[in-house]
Amino acid sequence: ETRRRVGSSVDDKLQQMGVTLSNGNISLGVFAECRYKVAIATADTHAGVTDFLEYTNSTHLVDFIMSCCSEDMQAKPNALSAARICKEVDVQPQNSVMVGDTPTDMEFGVNGGYGEVIGVTSGIGDEVLLRQAGATAILPDVNSLHRHFGLLNPSGSRHFSTSTRQLKYSSESKQDYVIVGAGSAGCVLANRLSEDGSNSVLSLEAGPKDTILGSKLLLWTIHMPSALMYNLCHDKFNWYYHTTPQKNMNNRVMYWPRGRVWGGSSALNAMVYIRGHALDYDRWEKEGATDWSYAHCLPYFKKSTRHTLGEDDYRGGTGPVGVTRHPMDNPLYHAFIKAGQEAGYPYTDDLNGYQQEGVGPMDSTTWKGMRSSAAVGYLHDTVSVRDNLTAETGCLVTRVIFEGGKAVGVEYRKNNELKFAAAEKSVILCGGAINTPQLLMLSGIGPAEHLREHDIPVHSNLPGVGENLQDHLEVYVQQECKKPITLYKWQQPHNMVRIGLQWFLNQSGLCGSAHLEAGGFIRSRPGIEHPDIQFHFLPSQVVDHGRGKIEYEAYQLHVGSMRQTSRGYLRLQSADPSQHPIIEPNYLSTDIDIWEMRQCIKLSREIFAQPAFDEFRARELRPGDDADTDEKIDAFVRKYGDSAYHPSCTCKMGTDEMSVVNPLTMEVYGVDNLRVVDASVMPSVVSGNLNGPTLMVAEKAADIIRGISPLTPAFNVPVYKPATLTTQR
């Protein structure tokens, strides 16, 4: 009623009245998950009650309302009204519980023959009066109800010290492996674990399939490589995450798209296939990830891919994910590669091969003019022919279920129903660097103090869950082009129709590429052992993640430092699984990170100033000629720097006290039958894009989980080393 009176100022008014809503539906939410029915009996108006439920986002949690407006409503403590509620919700009185804060409420439950009558003292309730009126139990507030009913057991784990089957699930299933998430890692595991016909595998994906009626062409916004920006503009296939305001970047809230569809972020990304440097993986081993050196990882990189140029010591030839070397038909690609050499950097013919350092052509996860996502490579054909693999969509996993110290399955919502999937051998979390730590914390695994803040009982105190968040920050250095040879004209509506039709006919032409066909890696300064700056060259302009209008004939470098020292974290915003977590990347929190981003812009400008660009170069669009001092360059980075979409490392493998995952088994420390396989297990972010490394991690993990012999390490494959480290190039 207050809301109806005071309108838009309701929040302030409620605060003045001492009413807090932040956790108001904790018990209701738990009851709804457990399929208890909830009714409200009140002397308030029906409109006031429904309005308040809408305001607190609780409407879906209540099955029936009896108000002063209800037909045949008899004032409490009339037993007829108590009986009518039971009839409406189809529950016997002896199986019903009355909860209230007045003696009349207690008498109402007693007169109605309810099985339990609970008084709460958080309203106007007085414990003595409530007991005198018949209360069988007294609780401090409504948010204690779910504990009272045993939905949280005394040991601190969420419910079910005896059996999860005590819950009233709409359906239950049992299989050997339950895989949470059908993204890059999840698709790999679904395929590899189901290769053994004796294993039954269930894949649960929150988003939809990446096809319509089995057709990739009908869902062209995913499978047409040049259409990649479309799905960054809405949340249909995208978790659409945002960070906290970044204090070192003008308090900007940063947009973090992540895939919520078969294939995960491999269905949304720019399809750049980069593995990182060999020394990244040797560093992993030094950081505690035993047997994850480059020699151990290279065979799995090869196993996951097939390259248009065929197999060699570094490239795969028969793997599920297609990798293409595009022809670089636009002269601007060649201008960039030549300019890089003119600036003193070497040419490399394979950024994933012997020599990462330098400039050259860049590979892409496309195949025959279409996106080659993890779902296309690992899931599409497999799920249709293997009876032991089931892949469900539209499933939001709400928590992992434990019996003692063992994970026995997961609880998930689908079509507004709560379901349970049991796992005989293992629950495997493949949700990525955001969703996986969120689900672990919702399940009671994480920093104990933080879990208690959200009334989540602690199953296992692992302080590293959600910590160590790493990402790549990048900026766009944009140059206007004097010649009409960029993609600008093809991005006009009438020409888009023309090239789109060509792609629909035979998957060829400009729509068959994401157009990031050239790039490079360089060192920011002397003494750096391997490249720490990455370039993606694009013969076009990108504005606001592709959500803004392109205005010029232009080309640009996406440039950023690869091993930033800033560390962030991820926290729960609430105990509600549908609420996005708090994402704090903590960008530019160290002086060296600020210097490196400044250096990225200076070195990019130097390349664009080389003779190879003389015939194309017009004015600098960004940062612009006025950004002519270190202070102004830093200000540009703060204003326009953005995520390269590479979140990682939030459940790192290792052996120190902040490690979450055992690198030898992929199991979560302190819990049996629970594993994590995705970018969150990386001890530190690699020097490059993350899709290729994530596929590799999953391929290697699949052999670990299956208990089969690992592929032979590639100890004798050579890796380029600079002739000297005393100079920057």
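Source: prediction; values computed, not measured. (Residues numbered from 1 in each chain as written. Predicted model: local features only at pLDDT ≥ 70, side-chain atom pairs only at ≥ 80, totals over all residues. Heavy atoms only, no water.)

(A) Structural view of the overall build of the protein. Tallying secondary structure elements over the protein gives 20 helices and 30 strands in all. Its C-alpha atoms give the protein a radius of gyration of 29 Å, within 12% of the compact-globule value 27 Å for 729 residues. Seen along its three principal axes, the alpha-carbon backbone of the protein occupies a region of about 90 × 60 × 50 Å. Looking at the protein residue by residue over its 729 residues, the buried ones come to 58%. (Helix = DSSP H or I, 4+ residues; strand = E, 2+ residues; numbered from the N terminus. Rg over C-alpha atoms; globule rule 2.2 N^0.38 Å. Buried < 20%, exposed > 50% of the residue type's maximum accessible area, 1.4 Å probe, protein only.)

(B) Expanded view of a nonpolar patch on the surface. On the surface, a cluster of nonpolar side chains totalling about 340 Å² of accessible area is made up of Ile212, Leu213 and Leu218. Note on placement: leucine 218 falls in the loop between β7 (201–204) and α10 (220–223). (Patch = residues over 30% accessible without salt bridge, like charges linked within 9 Å, V, L, I, M, F, W, Y side chains within 5 Å. Areas by Shrake-Rupley, 256 points an atom, 1.4 Å probe, with all protein chains shown as cover. Salt bridge = Lys/Arg side-chain N within 4 Å of Asp/Glu carboxyl O.)

(C) Representation of the side chain of glutamate 474. If you trace the backbone, glutamate 474 turns up in strand β22 (residues 473–481). Buried and without a salt bridge, glutamate 474 has arginine 252 as its closest oppositely charged side chain, separated by 11 Å. Once residues lying within four places of it in the same chain are set aside, the contact partners of glutamate 474 are His558, Val559, Gly560, Met597, Tyr640, Gly641, Asp642, Ser643 and Ala644. (Lys, Arg positive; Asp, Glu negative; His and termini not counted. Contact = heavy atoms within 4.5 Å.)

(D) Structural detail: the packing of aromatic side chains. For the structure shown, the criterion picks out 18 aromatic pairs. Taken together, a centroid distance of 4.9 Å and an interplanar angle of 75° make the contact between tyrosine 281 and tryptophan 284 edge-to-face. With a gap of three residues between them, tyrosine 281 and tryptophan 284 both fall in helix α11 (residues 278–286), about one helical turn apart. Given a relative accessible area of 0%, tyrosine 281 falls into the buried group. For tryptophan 284, a relative accessible area of 0% puts it in the buried group. Ring centres of tryptophan 503 and phenylalanine 504 lie 5.2 Å apart, and the angle between their planes is 80°; on these two criteria the pair is classed as edge-to-face. With a relative accessible area of 0%, tryptophan 503 lands in the buried category. Judged by relative accessible area, phenylalanine 504 falls into the partly exposed class, the value being 34%. Above the face of the tryptophan 367 ring, arginine 306 is positioned so that its terminal group lies 4.4 Å from the ring centre. Geometry around tyrosine 255 places arginine 547 over its ring, the cationic atom sitting 4.1 Å from the centre. (Phe/Tyr/Trp six-rings, centres within 6.5 Å; stacked < 30°, edge-to-face > 60°. Lys NZ or Arg CZ within 6 Å of the ring centre and 35° of its normal.)

(E) Just the pairing of strand β3 (residues 97–100), in detail. Only one face of β3 is buried, namely the one carrying Met98 and Gly100, since none of Val97 and Val99 on the opposite face is buried. A crossover links β3 with its parallel partner strand β4 (residues 116–120), the connecting element being helix α6 (residues 103–111), and its sense is right-handed. (Right-handed = clockwise from strand over helix to strand, strands pointing away.)

(F) Summary view of the sheet that holds β4. With parallel pairing, the three strands of this open sheet are ordered in space as β3-β4-β5. Here the strands that pair on one side only, and so sit at the sheet edges, are β3 and β5 (137–139). Strand after strand, the sheet turns through a mean of 25° between neighbouring axes, direction not considered. (Pairing = 2+ DSSP bridges. Axes fitted to C-alpha atoms, helices over the stretch in contact; angles between N-to-C directions.)

(G) View of helix α14 (residues 374–385). The terminal C-alpha atoms of α14 lie 17 Å apart, and with 12 residues this matches the ideal 16 Å at 1.5 Å per residue to within 8%. The set of residues buried in α14 consists of Ala374, Ala375, Val376, Tyr378, Leu379, His380 and Thr382. (Expected span 1.5 Å × (residues − 1).)

(H) Quick peek at the side chain of serine 540. For serine 540, the location among the structural elements is in the loop between β24 (533–538) and β25 (554–561). Taking relative accessible area as the criterion, serine 540 reaches 3% and is therefore assigned buried. Not counting residues up to four positions away in its chain, the partners in contact with serine 540 are Leu487, Gln491, Ile550, Ala554, Tyr555 and Gln556.

(I) A look at helix α12 (residues 294–304). In terms of burial, α12 is largely enclosed, as 10 of its 11 residues are buried. Of all the positions in α12, only Tyr294, Ala295, His296, Cys297, Leu298, Pro299, Tyr300, Phe301, Lys302 and Ser304 are classed as buried. The inward-facing, buried residues of α12 abut α11, β10 (305–307), β11 (321–325), α14 and α20 (691–706).

(J) Representation of the state of the cysteines within the structure. Applying the stated criterion to the full structure yields zero disulfides. Free cysteine cysteine 297: the closest other cysteine sulfur is in cysteine 649, separated by 14 Å. Here cysteine 430 stays free of any disulfide, with the sulfur of cysteine 187 as its closest cysteine sulfur at 9.3 Å. (Disulfide = S-S within 2.5 Å.)

(K) Structural context of the nonpolar core. By size, the foremost hydrophobic cluster in this structure holds 131 residues, and its most contacted members are Trp284, Phe336, Val410, Leu440, Phe613, Leu674 and Val677. Take this core: its biggest share by element is seven residues, from α20. (Core = buried A, V, L, I, M, F, W, Y, C linked by side-chain atoms within 4.5 Å.)

(L) Looking closely at unusual backbone geometry. Residue proline 623 is bonded to the preceding arginine 622 through a cis peptide linkage, with omega at 5°. Here proline 623 lies in the loop between β28 (617–622) and α19 (630–640). Positive phi outside glycine occurs at asparagine 415, with the angle close to 50°. The phi dihedral of histidine 545 is positive, around 60°, even though this residue is not glycine. Along the chain, the position of histidine 545 falls in the loop between β24 and β25. With relative accessibility at 6%, the residue histidine 545 sits in the buried group.

(M) Layout of the pattern of salt bridges. This model, assessed by the stated rule, comprises 32 salt bridges. The salt bridge involving arginine 131 is made with glutamate 127; its shortest N-O contact spans 3.5 Å. Taken as a pair, arginine 131 and glutamate 127 lie in helix α7 (residues 127–132) at a separation of four residues, close to a single helical turn. A salt bridge links glutamate 287 to arginine 283, with the shortest nitrogen-to-oxygen separation between them at 3.7 Å. One connected set of salt bridges, linked through shared partners, spans Arg192, Glu195, Lys303, Glu699, Asp703 and Arg706.

(N) Summary view of the packing of α12 against α20. Interaxial distance between α12 and α20 falls to 8 Å at its minimum, and their mutual angle equals 105°. If you check the angle between α12 and α20, you find them roughly perpendicular. When α12 is examined against α20, the residues His296, Cys297, Tyr300, Phe301, Lys303 and Ser304 are found in contact with a partner set consisting of Gly692, Pro693, Leu695, Met696, Glu699, Lys700 and Asp703. Residue classes in the contact of α12 with α20 are distributed as six nonpolar, three polar and four charged. (Parallel < 35°, antiparallel > 145°, perpendicular 65-115°, else oblique. Nonpolar A, V, L, I, M, F, W, Y, C, P; charged D, E, K, R; others polar.)

(O) Representation of the packing of helix α9 (residues 184–193) against α14 in the model. The contact between α9 and α14 brings their axes to 9 Å, and the two run at 35°. Considering the relative orientation of α9 and α14, their crossing is left-handed. Taking contact as the criterion, the partners of Ser184, Cys187, Val188, Ala190, Asn191 and Arg192 in α9 are, on α14, Ala374, Ala375, Tyr378, Leu379 and Thr382. (Left-handed = near helix turned anticlockwise from the far one by under 90°.)

(P) Local environment of the environment of methionine 653. Looking at where methionine 653 falls in the secondary structure, it is placed in the loop between β29 (642–643) and β30 (674–676). In contact with methionine 653, not counting residues within four places along its chain, are Trp284, Ala289, Trp292, Ser659, Val661, Pro663, Met666, Val681 and Pro683.

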